[in-house]
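Summary of the model geometry
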Amino acid sequence: MGFTAKRYQENYREEWQLGGVTFDIDTWPGLPTYLEVEGPDEAAVRDAAEALGLDLADASYGSVDEVYRTVLGRDILAESSLTFDTRA
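A short tour of the structure in this document, coming up. This is a predicted model, so every value here is computed, not measured. (Residues numbered from 1 in each chain as written. Predicted model: local features only at pLDDT ≥ 70, side-chain atom pairs only at ≥ 80, totals over all residues. Heavy atoms only, no water.)

**Regarding the overall build of the protein**
When helices and strands are tallied, the protein shows two helices and five strands. Its helices and strands taken in sequence order, the protein reads β-β-β-β-α-α-β from the N to the C terminus. The C-alpha atoms of the protein give a radius of gyration of 15 Å, which is well past the 12 Å a tight globule of 88 residues would have. Along the three orthogonal principal directions, the C-alpha set of the protein runs to about 40 × 35 × 20 Å. In the protein, which comprises 88 residues, the share counted as buried stands at 23%. Residue pairs in contact within the protein that sit at least 24 positions apart in sequence constitute 38% of those at least 6 positions apart. Entry remark: accessible area of the protein is about 6,400 Å², with carbon and sulfur atoms responsible for 51%. (Helix = DSSP H or I, 4+ residues; strand = E, 2+ residues; numbered from the N terminus. Rg over C-alpha atoms; globule rule 2.2 N^0.38 Å. Buried < 20%, exposed > 50% of the residue type's maximum accessible area, 1.4 Å probe, protein only. Contact = heavy atoms within 4.5 Å. Areas by Shrake-Rupley, 256 points an atom, 1.4 Å probe, with all protein chains shown as cover.)

If you want it as C-alpha cells, here you go:
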C-alpha cells in the first residue's frame, strides 16, 4: 500500500465498559498509569464517572501527546520510538 512507518509507540491498556462508556487503564513509558474515559457524549461520560465515584474536577483532557508535553515536557510526536526500554 506504500505506507512508511512514522513512529513506533508502546503502551499497555486494559479496557472496561459500563453502559456504553469505555474505561481504559493506560500505562505509557515514563508516565504514571491513568484512566481514560470515553463515551458517546459528555452526559454519558459524566454519568458513568459519577456512578464510579470519580470527580471530573480532577480530570484532564487531551491526547496522550498532550499528556507527555504537560507532565514530562516531551514532544513524543517528534520522537521516532517510544518504548518501555527507552524511558526518559
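**A closer look at the nonpolar core**
Generally speaking, a soluble globular protein has its nonpolar side chains buried in company with each other. The biggest cluster of nonpolar side chains holds six residues, and these are Trp28, Leu31, Val64, Tyr68, Ile76 and Leu82. Dropping the residues within four chain positions of it, Leu82 is found in contact with Tyr8, Gln9, Glu10, Trp28, Pro29, Tyr68, Arg74 and Ile76. (Core = buried A, V, L, I, M, F, W, Y, C linked by side-chain atoms within 4.5 Å.)

**Things to note about the sheet that holds strand β3 (residues 21–27)**
If you walk across this open sheet you meet the three strands as β2-β3-β4, and the pairing is antiparallel. Unpaired on one side and paired on the other, β2 (12–18) and β4 (34–38) mark the two borders of the sheet. This sheet shows a mean twist of 20° between the axes of neighbouring strands, independent of strand direction. Two elements, β2 and β3, share seven bridges in a ladder whose sense is antiparallel. (Pairing = 2+ DSSP bridges. Axes fitted to C-alpha atoms, helices over the stretch in contact; angles between N-to-C directions.)

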